[in-house]
Amino acid sequence: MVYVTERWEALAYDGTNGEHIATQFLGDVGLLSDDGQTLVLEVPIWPSREPRDVPLGYVVMRGGDGALRQIVPPDVYARDWYVLPDPAPAPS
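Residues numbered from 1 in each chain as written. Predicted model: local features only at pLDDT ≥ 70, side-chain atom pairs only at ≥ 80, totals over all residues. Heavy atoms only, no water.

A.B. asks: Would you mind showing me how to read the sheet that holds strand S4 (residues 48-55) here?
C.D. replies: Within the open sheet, the three strands sit side by side as S2-S3-S4. Their pairing is antiparallel. Only two strands of the sheet have a single partner each, and these edge strands are strand S2 (30-34) and S4. Averaged over all pairs of adjacent strands, the angle between their axes in this sheet comes to 25°, without regard to strand direction. Where strand S3 (residues 38-45) meets S4, eight bridges bridge the pair, whose relative direction is antiparallel. Among the inter-strand pairings, Val40 is bridged to a residue of S4, identified as Asp53. Against the sheet, helix H1 (residues 18-25) touches S2 and S3, its axis set at about 175° to S2. (Pairing = 2+ DSSP bridges. Helix = DSSP H or I, 4+ residues; strand = E, 2+ residues; numbered from the N terminus. Axes fitted to C-alpha atoms, helices over the stretch in contact; angles between N-to-C directions. Contact = heavy atoms within 4.5 Å.)

Structure (structure tokens):
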């Protein structure tokens, strides 16, 4: 039997990388504000867009398509998620 899962990627908000998270890490959000303590993202929630707060230290998670999946506190991330090593390159 083979186990498979969707690829998710994670990036912690450190107070200086809010613009990167909003404009490069995530592909489906807007940047509403970033004061170094709280990043506020504008997230598409059908049928409109809604603000989502990302407090300092929280982890932003995206799916393989770049879409926001979750925003989690660092202790929850450490407890509930496991980081896999990058896979080996395919043989040529």
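A.B. asks: It is not clear to me how the environment of Tyr58 should be interpreted in this structure. Could you clarify?
C.D. replies: Residue position: Tyr58 is located in the loop between S4 and strand S5 (59-63). Note: C-alpha distance between Tyr58 and Pro73 (15 residues apart in sequence) is 4.6 Å. With residues near it in sequence (within four places) discarded, Tyr58 still touches Leu11, Ala12, Tyr13, Ile71, Val72, Pro73 and Pro74.

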